[in-house]
Amino acid sequence: MSVRALIGLGGNLGDVRERLDAAIAALDALPGIAVLARSRLYRTPPWGQTAQPDFVNGAIAIETTLPARDLLEALLATERAFGRIRDGERWGPRTLDLDLLTYGDELIDDERLTVPHPRIAERAFVLLPLADIAADAVLPGMGRVRDLLGAIDTHGCTPLS
Ligand code: X6L
Ligand code: MG
Ligand code: MG
């Protein structure tokens, strides 16, 4: 039994492009995860805490045999392997952020995990890369990626060459 999941990637410290390439390869190498597609990478202005460097963001589609909770743990372990330090600063700069956006068509909402990620529909830095690989995907309870993207402002977000 395998499930298709969508994962958002980002970072804004050091050589993010190189790190995202390496992180995607590391995820693909894990037992139970196969990368199906990857988006372009985008330079995006920082949201939330705006006094920090621009981000590089992307997205991947994977096929996985891992339960959602195990997949989340694999993402967090990969963040740590690529230098992510969670020091309590909520929206601060980071080397690598891996967000579980969707897990099949499941709706999950517990203390560890909320899927689909509740803020996808507002965020150009998530929807732009998602539209590269899953424009026709319907995010459970939210709508089609293409339609969500059409409803927001994407200015300031540009594909890396
Ligand atoms: C008001 C208050 C408006 C808070 C927005 C938005 C907070 C996004 C946090 C917000 C608010 C976030 C990334 C980022 C972060 C990223 C870009 C977050 C968590 N992560 N900006 N800011 N890319 N461009 O991956 O998403 S911090
Ligand atoms: Mg994030
Ligand atoms: Mg995160």
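These lines cover the structure that appears in this document, whether it is placed above or below. (Residues numbered from 1 in each chain as written. Chains lettered and ligands numbered in written order. Predicted model: local features only at pLDDT ≥ 70, side-chain atom pairs only at ≥ 80, totals over all residues. Heavy atoms only, no water.)

Some points on the overall build of the chain
Reasoning step 1: Tallying secondary structure elements over the chain gives four helices and ten strands in all.
Reasoning step 2: Taken against the 2.2 N^0.38 rule, which gives 15 Å for 161 residues, the C-alpha radius of gyration of the chain at 15 Å falls within 12% of a compact globule.
Reasoning step 3: In the chain, buried positions account for 45% of the 161 residues.
Reasoning step 4: Side-chain charges in the chain split into 17 positive and 23 negative, and the spacing between the mean points of these groups amounts to 3 Å. (Helix = DSSP H or I, 4+ residues; strand = E, 2+ residues; numbered from the N terminus. Rg over C-alpha atoms; globule rule 2.2 N^0.38 Å. Buried < 20%, exposed > 50% of the residue type's maximum accessible area, 1.4 Å probe, protein only. Lys, Arg positive; Asp, Glu negative; His and termini not counted. Charge placed at Lys NZ, Arg CZ, Asp CG, Glu CD.)

Points about unusual backbone geometry
Residues other than glycine predominantly adopt negative phi, and peptide bonds predominantly adopt the trans conformation.
Reasoning step 1: Here the amide bond leading from valine 115 into proline 116 is cis, since omega sits at -5°, within 30 degrees of zero.
Reasoning step 2: Summarising the element assignment, proline 116 is placed in the loop between strand E7 (114–115) and helix H3 (124–134).

As for the coordination of the magnesium ion (ligand 3)
Reasoning step 1: Bound to the magnesium ion (ligand 3) are the protein donor atoms Asp97 (OD) and Asp99 (OD), situated 2.1 to 2.2 Å from the metal.
Reasoning step 2: In this structure the magnesium ion (ligand 2) is found 3.6 Å away from the magnesium ion (ligand 3), and aspartate 97 serves as a bridging donor for the pair.
Reasoning step 3: Relative accessible area serves as the criterion here: at 13%, aspartate 97 is assigned to the buried category.
Reasoning step 4: On the basis of relative accessibility, which here comes to 24%, the residue aspartate 99 falls in the partly exposed class. (Donors = N, O, S within 2.8 Å, 3.2 Å for Na, K, Ca; no water.)

Brief notes about the packing of aromatic side chains
Reasoning step 1: The final tally for this structure, using the stated rule, is one aromatic pair.
Reasoning step 2: Ring centres of tryptophan 47 and phenylalanine 125 lie 5.9 Å apart, and the angle between their planes is 75°; this geometry places the pair in the edge-to-face category. In this pair, tryptophan 47 sits in the loop between strand E3 (42–44) and strand E4 (55–64) while phenylalanine 125 sits in helix H3, placing the two residues 78 residues apart along the sequence.
Reasoning step 3: By relative accessible area, tryptophan 47 is classed as partly exposed at 41%. (Phe/Tyr/Trp six-rings, centres within 6.5 Å; stacked < 30°, edge-to-face > 60°.)

Just geometry here; none of it tells us what the structure is for.
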